[in-house]
Amino acid sequence: MIISSVSLRRSQLAVAALFLVLGFNFGTWASRIPTLKMQLDLSAAEVGILLLASGLGAVFSFPITATLLHKLGSRKLCLLAGSAIPLILIALSLAPTFPLAMAVMALEGIAVACLNVAMNSQGVEVELAGKQAIMSRLHAVFSLGGLLAALFASGLTLLTDSLWIHFVSAAGLLWLGVAFARKGLLPEQIKDAEQSNGKRFVMPKGIALWLGLIALCGTVVEGSMSDWSALYLKEMAGASAQLAPLGIACVSGTMLIARWLGDGWRTRWGAERMLTGGGLLAGVGLAMALVIGGVVPALIGFALVGLGVAAVSPCVYAAAAKHGAVALAAVTTMGSIGALMGPPLIGFIAHASNLAWGMAVIALAATLIAWCTRRVDWR
């Protein structure tokens, strides 16, 4: 596909806008969980179930996302899912009961999964059209979207406590992002490997299965570090209340930097070397921090985790998209499963022994990234 430099730049910005939209959506509702808890009069357990509804929606959306991507193509699915997400956000602000809020969050999970698959497919289309790696920076833009959403929420709550006003305002910004992306998205060029056989949905196997396992391990690491790093610092490393939040800051900071620079690294070293080295760096670095103990080794270990796993999502989604819609949907779904099962698993292990052993599971998952990477033919 021949594309001018101006059109290529427009397409890059269009896909980046969708990554920003998805990150902003996540950050918007996550920043108002305390308000949702109070508005719906939820217990802590019910908040957990509400979040679980979103994860389950994403996990069980695999047949839906694979079929829609196969039938509509990534461009139309991006616009469909991107337009639906703001409506779901508004519906969440208006949900009068816990069961209805759960239903809305399940729809959120499905819509997010559809957009996630479609925009990553578009990212690969733009990479192929421009012969330039951009996936890592796109995932960095997703992280930026979450940060901007948190800042927007903080600023708006100074003016009003209304959840509805906040979510309607955020929805307007999300629709602007989708409208901006509309003209720059590319038509489909990658064809499904299963299309010629008439298949729309199959269980992942072969390369798709190994890529999915890498994605699963990566999201186990990311999700668990987000949920447990602060508690580990406080309870196991003896950090003060002021230092404990620095754990997630170390992970997020190095991950954002690595993703912004990761496209150049992927071009120079290739995905296999990045994921193998990154998995070992994260796993060994965290394991050593746990053995040594203390606040400083923990913060260094957490920073190495962010640096090591930053390339997982960009590299794996880019590789899966080249094998078609079904492969990409399968990999995305397995990544959702990792994000869903990782944090509770750490909690169960910590309850049975202590949190240090729970964190050791994160180190093991990071190391498994390197092992699974060697099973994939990245050519």
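Residues numbered from 1 in each chain as written. Predicted model: local features only at pLDDT ≥ 70, side-chain atom pairs only at ≥ 80, totals over all residues. Heavy atoms only, no water.

You'll find the protein entered in an unreviewed UniProt entry as MFS transporter, with Deefgea salmonis given as the organism. UniProt's Subcellular location (unreviewed entry) comment on the protein is quoted here verbatim: "Membrane". (UniProt positions renumbered as here; feature names shortened; annotations may be inferred.)

Caption draft 1: Geometry of the layout of surface pockets. Size it by volume and the largest pocket reaches roughly 1900 Å³. Those elements that place two or more of their residues in the lining of the largest pocket are helix H1 (5-31), helix H3 (44-59), helix H6 (98-130), helix H7 (135-157), helix H9 (207-235), helix H10 (246-269), helix H13 (312-321) and helix H14 (325-352). Taken together, the residues that form the lining of the largest pocket break down as 24 nonpolar, 19 polar and three charged. Considered as a void within the structure, the second largest pocket measures approximately 390 Å³ in volume. What lines the second largest pocket is a set of 20 residues, among which Glu127, Arg266, Ala318, Lys322 and Trp378 lie closest to the centre. Residues belonging to the lining of the second largest pocket are distributed by class as follows: eleven nonpolar, three polar and six charged. (1 Å grid on protein atoms, 1.4 Å probe; cavity = no way out; pocket = protein on both sides within 12 Å on 5 of 7 lines; lining within 4 Å. Points joined across faces, edges and corners; volume = space filled by probe spheres on them. Helix = DSSP H or I, 4+ residues; strand = E, 2+ residues; numbered from the N terminus. Nonpolar A, V, L, I, M, F, W, Y, C, P; charged D, E, K, R; others polar.)

Caption draft 2: Molecular detail of H14. The end-to-end C-alpha distance of H14, which contains 28 residues, comes to 41 Å, matching closely the 40 Å that a straight helix rising 1.5 Å per residue would cover. The sharpest bend along H14 comes to roughly 30 degrees, located at Met341, with the proline Pro343 sitting one to four residues further on. (Expected span 1.5 Å × (residues − 1). Bend = angle between axes of the 7 residues up to and from the residue.)

Caption draft 3: The nonpolar core, seen in detail. Ranked by size, the top nonpolar core spans 108 residues in total, and within it Ile214, Met225, Phe302 and Met359 carry the most contacts. Considering each element in turn, this core owes the most residues, 14 residues, to H6. Judged by nonpolar contacts, the second largest core, of five residues, contains Ala66, Val326, Ala329 and Ala330. (Core = buried A, V, L, I, M, F, W, Y, C linked by side-chain atoms within 4.5 Å. Buried < 20%, exposed > 50% of the residue type's maximum accessible area, 1.4 Å probe, protein only.)

Caption draft 4: Structural context of the state of the cysteines. Taken as a whole, this structure holds zero disulfides when the rule is applied. For the unlinked cysteine Cys217, the closest cysteine sulfur is that of Cys372, found at 5.1 Å. Assessed through its relative accessible area of 9%, Cys217 is described here as buried. (Disulfide = S-S within 2.5 Å.)

Caption draft 5: Representation of helix H12 (residues 295-309) in the model. With 15 residues, H12 extends 21 Å from end C-alpha to end C-alpha; this agrees with the ideal 21 Å at 1.5 Å per step. Its buried side turned inward, H12 meets H9, H10, helix H11 (271-292), H13 and helix H15 (355-373). (Contact = heavy atoms within 4.5 Å.)

Caption draft 6: Molecular detail of the packing of aromatic side chains. This model, assessed by the stated rule, comprises six aromatic pairs. Centroid distance Trp265 to Trp269: 6.3 Å. Interplanar angle 40 degrees. Geometry classified as tilted. One end of the pair, Trp265, and the other, Trp269, are both in helix H10, four residues apart, so they sit about a helical turn from each other. A relative accessible area of 37% places Trp269 in the partly exposed class. (Phe/Tyr/Trp six-rings, centres within 6.5 Å; stacked < 30°, edge-to-face > 60°.)

Caption draft 7: Main features of the packing of H7 against H10. Look at H7 against H10: their axes get within 7 Å of each other, and the N-to-C directions meet at 170 degrees. Compared by their axis directions, H7 and H10 come out roughly antiparallel. For the pair formed by H7 and H10, the contact residues are Met135, Ser136, Arg137, His139, Ala140, Val141 and Ser143 on the first element and Leu256, Ala258, Arg259, Trp260, Gly262, Asp263 and Arg266 on the second. Considering only residue class, the contact of H7 with H10 consists of six nonpolar, four polar and four charged. (Axes fitted to C-alpha atoms, helices over the stretch in contact; angles between N-to-C directions. Parallel < 35°, antiparallel > 145°, perpendicular 65-115°, else oblique.)

Caption draft 8: Molecular detail of the packing of H11 against H15. Relative to each other, H11 and H15 sit at 160 degrees, their axes nearing to 7 Å. Between H11 and H15, the crossing angle belongs to the class labelled roughly antiparallel. Where H11 crosses over H15, the handedness of that crossing is left-handed. Touching Glu272, Leu275, Thr276, Gly279, Leu280, Ala282, Gly283, Leu286, Ala287 and Leu290 of H11 are Ala356, Met359, Ala360, Ile362, Ala363, Ala366, Thr367, Ile369, Ala370 and Thr373, all from H15. When its residues are assigned to classes, the contact of H11 with H15 shows 14 nonpolar, five polar and one charged. (Left-handed = near helix turned anticlockwise from the far one by under 90°.)

Caption draft 9: Structural context of the pattern of salt bridges. The full count for this structure, using the stated rule, is five salt bridges. Asp263 is paired through a salt bridge with Arg137; the nearest N and O atoms lie 2.9 Å apart. Highlighted residues: Asp263 in helix H10 and Arg137 in helix H7, separated in sequence by 126 residues. The partner of Arg266 in a salt bridge is Asp263, with the nearest N and O atoms 3.8 Å apart. With Arg266 and Asp263 both in helix H10, this residue pair falls three residues apart, about one helical turn. Relative accessible area serves as the criterion here: at 14%, Arg266 is assigned to the buried category. Salt bridges linked by common partners bring Glu127, Arg137, Asp263 and Arg266 together as one network. (Salt bridge = Lys/Arg side-chain N within 4 Å of Asp/Glu carboxyl O.)

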